Amino acid sequence: MKYYTYFPGCSSSDGGAKAYGMSTEAVARALDVELIELEDWNCCGSTPYTSVDELASFCSSARNLALAEDKGLDLVTPCSACYVILSKTNSYLKEYPELRAKVDEALAAGGLEYHRTIKVRHLLDVFANDIGFDEIASKVKRNLGGLKVAPYYGCQVVRPGPSFDDPESPQSLDRLIECLGAEATPFPLKARCCGGSLIISEEDLALGLIRKLLDSASSNEAECIATVCPLCQTNLDVYQGRVNKKFKTSFKLPVLFFTQLMGLALGIDGKTLGLEKCIVSADKVLAKYVEI
Amino acid sequence: MEATKAQVTGTLVGEISRIPGGERIRLCIQCGTCSASCPNANRMDHTPRKLIAMARAGMREEVLSSNSMWLCASCYLCTVRCPREIKITDIMHALECLSVRENVSSARTLTPTMYRSFSDFVYSIGSVPEPSFMILFYLLTNPLRAMRMIPMAFSLLTHGRMSIKARRLKPEAERQFKAILDKAEELGGI
């Protein structure tokens, strides 16, 4: 059994990416990984808070790190936005003494101290490097039989780094997909941006980015896309209809969390994995290869 | 008054270089790798390369009132490619914060209002309930646009992807969180 402090983030805990949280927890159990949810965690602040009030954003993020320090376990999150904010806060508190002094003072106002001993990890890193591909492959109960999956990393899981994988041509998700029996298709835009939250304020711009991604995946014959980020999943899945309308395209690409694919291969049922929450249904594509 | 303000705050480039992540701005060689890597540069008033040049030339108002940094999606591609190891994404965030503080944010993009709506939820309850955040954003910008969102909201609801109830921290945790943020506010920025 391996133990981690778990930071689900707003979206995966009870938001639009609830299926990510559900499948994460189910897969962790199947792999003997104990995710202990950080009690009373607060929103990481994501990009918006950093862009409005940087100090407040570092302080709110540091509260989570300070709370996690008690247990001394690595802090793992499935959300790329939470990951980039928490790990950036963590490293900047080490690198910039003046920032540290201010954050320490703010934390003290809440009766907290942070000694910078925590490691922030993304769930993909934990599965790929702590559990390992061989161990995961050995637990596969339903081989995904060559299902063609475009491995979509997005930006913030590998950048700005230094991270567990290459910032522009990462491989860990490709290998993970393959050890489930599926096929990772070539995907030149695998680490390009989906537009993130700009889908709300700059929809036209973001729809253009999403279109390029869908185009790259489908022209490489992917039958579905696997993502490691709630925002990427939302943009590619929920807004796929808008892309089709705007650009007169006819994409029908299911977008799954990588944990949903893992769960299927590990023998977990579709309901527990929240498969029915996909807007672009994955049922037809998956039914070709496995019983859901 | 303006001159006094400039004397107090110093030059724009000086301010940025004192912000964590902004310290290498003076090392920019204007190669344009950032602009070539940016997925959204074509929609910006000024590309990232040009924005840095303008900041260094002291064009404070033009820089802070431009839409450029508000179109940055924080994908960090410029940052990992910069041959001078300048953290351009961090500089974008710093410019956003300065433009908010000085109340000169571009009116041609809705991103400042969107970020503000999001941050208001973080500050008040420590979490972001997506439906409430979206409703606040549309009320502040264009309530009519919200109409277009109704079919999407309905689809999210029927797929079990929309929780009406916000996640709340325990009262003592919420108080602690507020105390930390209020202290941060008192410390007057980064």
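**Q** Can you explain the interface of chain A and chain B? Please cite residues and give values.
**A** Across the contact, 70 residues belong to chain A and 69 residues belong to chain B. When the two sides are added together, the surface that chain A and chain B hide from each other amounts to roughly 6100 Å², 59% of it contributed by carbon and sulfur. One can count 8 salt bridges joining chain A with chain B. Here lysine 87 of chain B and glutamate 95 of chain A are joined by a salt bridge, their closest N and O atoms 3.6 Å apart. There are 29 residue pairs in polar contact (both at pLDDT 80 or more) connecting chain A and chain B. Elements represented by at least two residues in the side of chain A that touches chain B include exactly α1 (9-14), α3 (46-50), α4 (54-69), α5 (80-95), α6 (97-109), α10 (198-201), α11 (203-219) and α12 (230-238) of chain A. The residue makeup of the side of chain A that touches chain B, split by class, is 31 nonpolar, 18 polar and 21 charged.

**Q** So, the domain arrangement of chain A: which residues are in play, and what are the values?
**A** Residue and element names in this part refer to chain A. The domain boundaries assigned to chain A delineate domain 1 (2-123) and domain 2 (141-287). One C-alpha centre belongs to domain 1, the other to domain 2; they are set 24 Å apart. The partner domain 2 presents 22 residues to the 22 residues of domain 1 that form the contact. Taken together, the two surfaces of domain 1 and domain 2 that pack against each other cover about 1800 Å², and 74% of this comes from carbon and sulfur. When the buried surface of domain 1 facing domain 2 is broken down by residue, Tyr20, Val27 and Ser80 rank first, second and third, together holding 26% of it. Linking domain 1 with domain 2 are 0 salt bridges, by the criterion used here. Where domain 1 touches domain 2, the interface holds 4 residue pairs in polar contact (both at pLDDT 80 or more). Every element with two or more residues in the side of domain 1 that touches domain 2 is listed here: α1, α2 (18-30) and α5.

**Q** Give a detailed account of the packing of α2 of chain A against helix α14 (residues 258-265) of chain A, specifying residues and quantitative values.
**A** Residue and element names in this part refer to chain A. Interaxial distance between α2 and α14 falls to 8 Å at its minimum, and their mutual angle equals 40°. Classified by the angle their axes make, α2 and α14 are oblique. Crossing geometry of α2 relative to α14 is assigned as left-handed. Across the interface between the two elements, Ala19, Tyr20, Ser23, Thr24 and Val27 of α2 pack against Phe258, Thr259, Gln260, Met262 and Gly263 of α14.

**Q** How would you sum up the side chain of arginine 159 of chain A? Please name residues and give values.
**A** Take arginine 159 of chain A: it is sitting in the loop between β5 (148-152) and α9 (172-179). For the buried residue arginine 159 of chain A, which engages in no salt bridge, the nearest side chain bearing the opposite charge is glutamate 168 of chain A, 5.7 Å off. Within polar-contact distance, the side chain of arginine 159 of chain A engages the backbone oxygen of cysteine 75 of chain B at 2.7 Å. The contacts of arginine 159 of chain A, once residues within four sequence positions are left out, are Val84, Pro167 and Ala191 of chain A together with Cys75, Tyr76, Leu77 and Val80 of chain B.

**Q** Lay out the packing of aromatic side chains with the relevant residues and their values.
**A** The geometry of an aromatic ring pair comes down to the distance between the two centres and the angle between the two planes. Counted according to the given criterion, the structure contains 10 aromatic pairs over all chains. An aromatic cluster of at least three residues, connected via ring pairs, comprises Tyr20, Phe127, Phe257 and Phe258 of chain A. For arginine 167 of chain B, the ring lying beneath its charged end belongs to tryptophan 41 of chain A, and the centroid distance is 3.5 Å. Between lysine 178 of chain B and the ring centre of tyrosine 123 of chain B, over which it is positioned, the NZ or CZ distance is 5.6 Å.

**Q** Could you give an account of the pairing of strand β1 (residues 2-6) of chain A, naming the residues involved and the relevant values?
**A** Residue and element names in this part refer to chain A. In terms of strand pairing, β1 meets strand β2 (residues 33-37) through 5 bridges, oriented parallel. Among the inter-strand pairings, tyrosine 6 is bridged to a residue of β2, identified as glutamate 37. The pairing of β1 with strand β3 (residues 75-77) spans 2 bridges and is parallel. From the neighbouring strand, threonine 5 faces β3, where its bridge partner is leucine 75.

Procedures and definitions
Residues numbered from 1 in each chain as written. Chains lettered and ligands numbered in written order. Predicted model: local features only at pLDDT ≥ 70, side-chain atom pairs only at ≥ 80, totals over all residues. Heavy atoms only, no water. Contact = heavy atoms within 4.5 Å. Buried area = accessible area lost by both parts, 1.4 Å probe. Salt bridge = Lys/Arg side-chain N within 4 Å of Asp/Glu carboxyl O. Polar contact = N/O pair within 3.5 Å; in protein donor to acceptor, adjacent residues only side chain to side chain. Helix = DSSP H or I, 4+ residues; strand = E, 2+ residues; numbered from the N terminus. Nonpolar A, V, L, I, M, F, W, Y, C, P; charged D, E, K, R; others polar. Domains from an automatic or database assignment. Axes fitted to C-alpha atoms, helices over the stretch in contact; angles between N-to-C directions. Parallel < 35°, antiparallel > 145°, perpendicular 65-115°, else oblique. Left-handed = near helix turned anticlockwise from the far one by under 90°. Buried < 20%, exposed > 50% of the residue type's maximum accessible area, 1.4 Å probe, protein only. Lys, Arg positive; Asp, Glu negative; His and termini not counted. Phe/Tyr/Trp six-rings, centres within 6.5 Å; stacked < 30°, edge-to-face > 60°. Lys NZ or Arg CZ within 6 Å of the ring centre and 35° of its normal. Pairing = 2+ DSSP bridges.

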